[in-house]
Structures are given as C-alpha cells and as structure tokens.
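Single-letter residue listing:
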Amino acid sequence: MVELKTDTSIDAMYEAGQVVARALTAAGKAAGVGVSLLELDQVARDVLREAGATSPFLGYRPSFAPTPFPAVLCASVNDAIVHGIPTKYRLRDGDLLSLDFGAKLGGWVGDSAISLVVGRPRPADLRLIETAERALAAGIEAAVVGNRIGDIAHAIGSVCRGAGYGIPDGFGGHGIGRQMHEDPGVPNEGRPGRGLPLRHGMVLAIEPMLIAGGTDGYHEAPDGWTLRTNDGTRAAHAEHTVAITNAGPRILTER
Ligand code: MG
Ligand code: MG
C-alpha cells in the first residue's frame, strides 16, 4: 500500500533528510587515502548522535541477509555496488567509494547515497559517477504529478544504458516514510507511461546503480551483504529521498 504524506509530514521528513545530508557530507570529506571504512562509519555515527537521530541501517535484517547489518553506513568500494559493510579496510589512492546512509528522526526516515573517488581519480570513474548523478537527476525530473513510476524508471534507465553501463537487475528505489522501505518499488529501468500514477504526497527514494562494464550481473560476497559486479568492473550509486508535490519534486536529502 502506498502511503501519501501530508505537507507537515514532508517537512518532518526534510529534517530527517538533512541529517542524512550532513552525515554524507562529513563522511565524504573524511574519506581519504589511508582512512578505514570503520572510521567513516564512526563519522556518520557522530552526526546521528549530535542530531538525536537513530539509524535505520543498524540491526536491519531483510529476508536475504544472514546477519543483522552491523553499521550505520554502507561503504561499497570499487566492484562493490551496494550494501558494503564498513571494515578495517583502509582506502587506497584511486578507490571508487559509494556511501549509502539513512537516518530516522521524529519517526521519519531519510535515505541517500553518494559516490566519489579517493585520491587521484581515473577519468573512467569520474564518467561513471557523473552518469549516476545524471541518471538520478533525470529520475527526479520525471518524479512529477501526472507521470507514472515507469516514467522515472525509463528516465534513469535511458541515461545509464545510453552511456553503455549495466544496471543490476532486481535492485532499485522504493517508497519511504516511517519505514525505510515502503511501497512502491522504483525500478531503475522500465517503460514510460506504465505503473502507478504519481501523486502529491508520495515520497520516494530514487537510486540508480551503474556497472561500468555494461553487464548487469552481480553476486553476493561471502559476508552475505555486499553485492559485487560479476564482471569485476567498478560500480557507482547515487540516491536522494524525494517528495512528489504539486509544486514539483522536492529533494529532502539535498546537500
Ligand atoms: Mg540508501
Ligand atoms: Mg534506498
């Protein structure tokens, strides 16, 4: 069931979204050569604590997961697409890092992700990240009253495929509110004009994931969480929590 949010609730979700934005900015700034993923998780924990917010990631255990998620931040490096568990791994020059973070404040959840390169970037990685951001922007632009879910999916998919990148099948965006994952699902590829009509008060996490090698296959790492590309090429992820309003899309996790 899709829950429509009131304008007051959307304002409250913006406050949660701003905690997410601050944490991602802080963790992204802290991400440097030699810094460990656990240290980045601590940076994000500090932001949560200062804001009086809690983590919807910590202890999260969806049906596919063998263990509760042990951190507040997902940190996915190079061929890891999403759901990377922060470890003692220390970032190396040229690593492509995706950070996905959620916060719960006043009962409402925000969810957002960024990708960046640590140290000296390879042009191919910059292009991949720039395309993920462009796909996200296209998805947000399509998130307007009168359109349908398929229009968002089509907008995202067209940018990714147009640049020659792969799209991991079966993972995508989602409704969000009091729960991190609500209806409807928001696929990263689809047919325009199809699916649920978009209405004022729908709040969606829109999140393209791109695979540099152009293939779509992925697999679970031995930790049961991290999803890695099958072709071994790098991946990028970008995400915002977006409210659909009569005045247009409102990015609740804007940085
Ligand atoms: Mg996320
Ligand atoms: Mg999400």
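Owing to the predicted nature of the structure, the values given are computational and were not obtained by experimental measurement.

Draft legend 1. Quick look at the coordination of the magnesium ion (ligand 1). Around the magnesium ion (ligand 1), the protein supplies Asp100 (OD), Asp100 (OD), Asp111 (OD) and Glu239 (OE) as donor atoms, at distances of 2.0 to 2.6 Å. All donors of the magnesium ion (ligand 1) belong to a single chain; written as a sequence motif, their spacing is D-x10-D-x127-E.

Draft legend 2. Layout of the pairing of strand β4 (residues 108-117). In terms of burial, β4 is a largely internal element, 10 of the 10 residues being buried. Here β4 shows no split at all, with Trp108, Gly110, Ser112, Ile114 and Leu116 on one side and Val109, Asp111, Ala113, Ser115 and Val117 on the other all buried. Inspection of the sheet shows strand β3 (residues 96-105) paired to β4 by 10 bridges, in the antiparallel sense. Its bridge partner lying in β4, Leu97 is registered against Leu116.

Draft legend 3. Here's a closer look at the coordination of the magnesium ion (ligand 2). On the protein side, the magnesium ion (ligand 2) has Asp111 (OD), His174 (NE2), Glu207 (OE) and Glu239 (OE) as donor atoms, found 2.1 to 2.2 Å from it. Spacing between the donor residues of the magnesium ion (ligand 2) along their common chain follows D-x62-H-x32-E-x31-E. Between the magnesium ion (ligand 2) and the magnesium ion (ligand 1), both coordinated by Asp111, there is a metal-metal distance of 3.2 Å. Of this pair, Glu207 sits in the loop between β7 (203-206) and β8 (209-211) while Glu239 sits in the loop between β11 (235-237) and β12 (240-245), and the two are 32 residues apart along the sequence. In this structure, Glu207 and Glu239 share a single accessibility class: buried.

Draft legend 4. Layout of the pairing of strand β1 (residues 73-77). Among the 5 residues of β1, 5 are classified as buried, and the element is accordingly described as predominantly covered. A two-sided burial pattern is seen for β1, the buried positions comprising Leu73, Ala75 and Val77 on one face and Cys74 and Ser76 on the other. In this structure, β1 lies alongside β3, joined through 5 bridges in antiparallel fashion. Bridged to Leu73 within β3 is Phe101.

So, how was this worked out
Residues numbered from 1 in each chain as written. Chains lettered and ligands numbered in written order. Predicted model: local features only at pLDDT ≥ 70, side-chain atom pairs only at ≥ 80, totals over all residues. Heavy atoms only, no water. Donors = N, O, S within 2.8 Å, 3.2 Å for Na, K, Ca; no water. Buried < 20%, exposed > 50% of the residue type's maximum accessible area, 1.4 Å probe, protein only. Helix = DSSP H or I, 4+ residues; strand = E, 2+ residues; numbered from the N terminus. Pairing = 2+ DSSP bridges.

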